[in-house]
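# A closer look at the structure
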Amino acid sequence: MKRVFGFLLGVGLALLPVMAGAAGGRIVVASKIDTEGALLGNMIVALLEAHGLAVENKLQLGPTNIVRAAMLAGQIDIYPEYTGNGALFFHLEQDPVWKDRAKGAAKVAALDREQNHLAWLAAAPANNTWTIALRQDLAERRNLKTMDDFAKYLASGGVIKLAASAEFVESPAALPAFEVTYGFRLKDAQLLTLSGGNTSATLRAAAEGTSGVNAAMAYGTDGALAALGLTALEDDKGAQVVYAPAPVVREAVLQQHPEIAKLLDPVFATLTLETLQQLNAKIAVEGEDAAAVAAAYLKSKHFLP
């Protein structure tokens, strides 16, 4: 899971002494262990190196808790994070600010600057949060683009069968949050609950029409969405926390190299939901190398020669 903090902070801290750390004048770039972390981390490495900055590559270091602990300990200098994780980092899970893209980004930036001397650079216009994805043929035929469209489709008698994990169905922050916000209620017959299911299983069930499934739980930037011909619905009323990817850098490093923001901000501004879905698919589905995918994208947008 790309954005979950996890419960292994002690393990993360235990690993810190064996890490090389930020030393020797090189900028230590890290990322999480997942596909999108590799993609975004490689973009950061490629851009910094292309502009003459010495880099130490610590990409795919581990899950969120390990990377965050390393950052707080000064062992790494920059890595891509998600704005919504500020709710967990600062124990503010009930604060509605995280469901607003701009306010959530501003909140985590202010808290991390004040408490940890970390700077958040510009966030991408994408959201890697819980979403419901539809088969593309259904979405296009009924012109379903948002969760509000989805609710109206259900109210008009539209046929939906959603594949989801038990966690998604039962957790107040997942499907119930969508139901409350948009005023619909899925019956048992409209659900295919997969015990221990993850998004790869739910998305495939929708793509293949397993047991009549035509919708699935998903994460917004999941590469399998594009590969399997599924459309993620926009959470237009803000039922979910916004998880926008953004680089986080130690303030001391940014003060020494202010050009980092000038290099990364324009790149992250191009990383829309659809763009990240397509790039993630090249890595996770088509098996391409993350560094190669990152470099090819940057060259295609003229960020690299």
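Above this note sits the structure.
This text gives an overview of the structure that appears in the document. (Residues numbered from 1 in each chain as written. Predicted model: local features only at pLDDT ≥ 70, side-chain atom pairs only at ≥ 80, totals over all residues. Heavy atoms only, no water.)

### Observations concerning the overall build of the chain
The helix and strand tally for the chain stands at 15 helices and 10 strands. For the chain, the C-alpha radius of gyration of 20 Å lies close to 19 Å, the compact-globule estimate for 305 residues. Taken over the C-alpha atoms alone, the chain extends approximately 65 × 40 × 30 Å along its principal axes. Buried residues in the chain amount to 53% of all 305 residues. Restricting to contacts in the chain with at least 6 residues of sequence separation, those with at least 24 account for 77%. (Helix = DSSP H or I, 4+ residues; strand = E, 2+ residues; numbered from the N terminus. Rg over C-alpha atoms; globule rule 2.2 N^0.38 Å. Buried < 20%, exposed > 50% of the residue type's maximum accessible area, 1.4 Å probe, protein only. Contact = heavy atoms within 4.5 Å.)

### Quick notes on the pattern of salt bridges
Summed over all chains, the structure comprises 10 salt bridges. A salt bridge links Glu 208 to Arg 204; the shortest N-O distance between them is 3.5 Å. Taken as a pair, Glu 208 and Arg 204 lie in helix α10 (residues 199-208) at a separation of four residues, close to a single helical turn. It is possible to trace a salt-bridge network through shared partners that takes in Arg 26, Glu 56 and Lys 58. (Salt bridge = Lys/Arg side-chain N within 4 Å of Asp/Glu carboxyl O.)

### Observations concerning unusual backbone geometry
One non-glycine residue, Gln 60, lies in positive phi territory at about 55°. The topology assignment puts Gln 60 in strand β2 (residues 55-62). Taking relative accessible area as the criterion, Gln 60 reaches 39% and is therefore assigned partly exposed. Of note in this structure, His 91 is not a glycine but carries a positive phi near 55°. The residue His 91 is located in the loop between α4 (86-89) and α5 (101-116) in this model.

### Looking at the nonpolar core
Within the largest apolar cluster, 38 residues are counted, with the highest numbers of intra-cluster contacts made by Val 29, Met 43, Leu 48, Ile 260 and Leu 271. For this core, the elements supplying multiple residues, two or more each, are β1 (27-32), α2 (35-50), β2, α12 (251-256), α13 (259-268), α14 (273-284) and α15 (290-300). Here this core takes nine residues from α2, the largest share from any one element. Ignoring anything within four residues of it in the chain, the contact list for Val 29 reads Gly 41, Ile 44, Val 45, Leu 48, Val 55, Glu 56, Asn 57, Lys 58, Leu 59 and Ile 78. Judged by nonpolar contacts, the second largest core, of 28 residues, contains Leu 134, Phe 150, Tyr 182 and Tyr 219. (Core = buried A, V, L, I, M, F, W, Y, C linked by side-chain atoms within 4.5 Å.)

### Thoughts on the packing of aromatic side chains
In this description, an aromatic ring pair is defined by two values, namely the gap between the centres and the angle between the planes. All told, the structure shown has four aromatic pairs when counted by the stated rule. Look at Trp 130 and Tyr 219: their rings are 4.9 Å apart centre to centre, the planes differ by 20°, and that puts the pair in the stacked class. You can see Trp 130 sitting in strand β5 (residues 130-135) and its partner Tyr 219 sitting in strand β8 (residues 215-219), a full 89 residues away along the chain. Its relative accessible area of 10% is what places Trp 130 among the buried residues. Stacked on the ring of Phe 89, the Lys or Arg Arg 68 has its end atom at 4.0 Å from the ring centre. (Phe/Tyr/Trp six-rings, centres within 6.5 Å; stacked < 30°, edge-to-face > 60°. Lys NZ or Arg CZ within 6 Å of the ring centre and 35° of its normal.)

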